[in-house]
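What follows is each chain in one-letter form.
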Amino acid sequence: MPPPAFDKLRALAIGSQAIGLMLIITLETVMGNAARPWQGVVLAAMLVTALTIALVRLYRRNLARKRWAERLDDNDNG
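These numbers were taken from a predicted model, which means no experiment stands behind them.

Draft legend 1. Summary view of the overall build of the protein. A count of helices and strands for the protein gives 2 helices and 0 strands. Here the protein has a C-alpha radius of gyration of 20 Å; the compact-globule value for 78 residues is 12 Å, and the former is much larger. Projected onto its principal axes, the C-alpha coordinates of the protein cover approximately 70 × 25 × 5 Å. Looking at the protein as a whole, 12% of its 78 residues are labelled buried. Total accessible area computed for the protein in this model is approximately 6600 Å², and 68% of it derives from carbon and sulfur atoms.

Structure (structure tokens):
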């Protein structure tokens, strides 16, 4: 079965990174040098989001592999 044409996790990853980048640029524009700590917070949130999405993707891939292996095992034994 081919992968779906629209990947929700990929769209979420791209969207979250785009929003984070826009927020960092907006903070710099509005606050100047006072924005540095807040930009660090936004960057940390972006990293946490990216890592969470990567873990969800890994979990889903491993779950699909496990189901595929069980299906193959059932076919061999049946």
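Draft legend 2. Broad picture of helix 1 (residues 8-31). Spanning 24 residues, helix 1 covers 34 Å between terminal C-alpha atoms, matching the ideal 34 Å at 1.5 Å per step. Of all the positions in helix 1, only L9, S16, G20 and L27 are classed as buried. For helix 1, the capping residue at the N-terminal end is D7, with a side-chain oxygen 3.3 Å from the backbone nitrogen of L9. Just past helix 1, the residue G32 takes up positive phi, approximately 70°.

Draft legend 3. Inspection of a nonpolar patch on the surface at higher detail. There is a patch of nonpolar side chains on the surface, built from V30, M31, W38 and V41 and spanning about 420 Å² of accessible area. Those elements that place two or more of their residues in the nonpolar patch are helix 1 and helix 2 (36-77). For V41, the location among the structural elements is in helix 2. The class for V41 is partly exposed, based on a relative accessible area of 49%.

Draft legend 4. Geometry of the UniProt feature "transmembrane region" (unreviewed entry) in the protein. UniProt annotation of "transmembrane region" (unreviewed entry) refers to residues 12-32 and 38-59 when read in the numbering used here. Between the C-alpha atoms that bound residues 12-32 there is a distance of 29 Å. The span itself is 95% helix and 0% strand. Between the C-alpha atoms that bound residues 38-59 the distance is 31 Å, and the span itself is 100% helix and 0% strand.

Draft legend 5. Representation of helix 2 in the model. When the terminal C-alpha atoms of helix 2 are compared, their 61 Å separation across 42 residues agrees well with the 62 Å that a helix rising 1.5 Å per residue should span. Along helix 2, the residues that are buried comprise Q39, V42, M46 and I53.

Draft legend 6. Region of interest: the side chain of Q39. Within the fold, Q39 resides in helix 2. Judged by relative accessible area, which is 11%, Q39 ranks as buried. Look past the residues within four positions of Q39 in its chain and what remains in contact with it is I24, L27 and E28.

Draft legend 7. The side chain of S16, seen in detail. Relative to the elements of secondary structure, S16 occurs in helix 1. Within the structure, S16 has its side chain in polar contact with the backbone oxygen of A13 (distance 3.0 Å). Look past the residues within four positions of S16 in its chain and what remains in contact with it is T49 and I53.

Reading the values: the criteria
- Sequence positions are assigned chain by chain, starting from 1 and proceeding in written order.
- Residues qualify for local features only when their pLDDT is at least 70, as the model is predicted, and side-chain atom pairs are given and counted only at 80 or more; totals for whole chains, interfaces and linings, by contrast, use all residues.
- Working from all heavy atoms in the structure, the side-chain values ignore hydrogens and water.
- Under the DSSP-based scheme used, a helix requires at least four consecutive residues in state H or I and a strand at least two consecutive residues in state E, with every element numbered from the N terminus.
- Here the radius of gyration uses the C-alpha set of atoms, whereas the globule reference equals 2.2 Å times the residue count to the power 0.38.
- The classification of residues rests on relative accessible area computed with a 1.4 Å probe and restricted to protein chains. Under 20% of the type maximum is buried, over 50% is exposed, and intermediate values are partly exposed.
- The Shrake-Rupley method, run with a 1.4 Å probe, gives the accessible areas here. Residue values count only the displayed protein chains as cover.
- In a helix, the anticipated span is given by 1.5 Å times the number of residues less one.
- Polar contact is the term for a pair of N or O atoms within 3.5 Å; when the atoms are in protein, one must be able to donate a hydrogen and the other to accept it, and sequence-neighboring residues count only if both atoms are side-chain atoms.
- Patch construction takes residues with relative accessible area above 30% that form no salt bridge. Like charges are linked within 9 Å, and nonpolar side chains (Val, Leu, Ile, Met, Phe, Trp, Tyr) are linked within 5 Å.
- When a carboxyl oxygen of Asp or Glu lies within 4 Å of a side-chain nitrogen of Lys or Arg, that pair is called a salt bridge.
- UniProt positions are given in the numbering used here, feature names are shortened, and annotations may be inferred rather than shown by experiment.
- Residue contacts are counted whenever heavy atoms from the two residues lie within 4.5 Å of one another.

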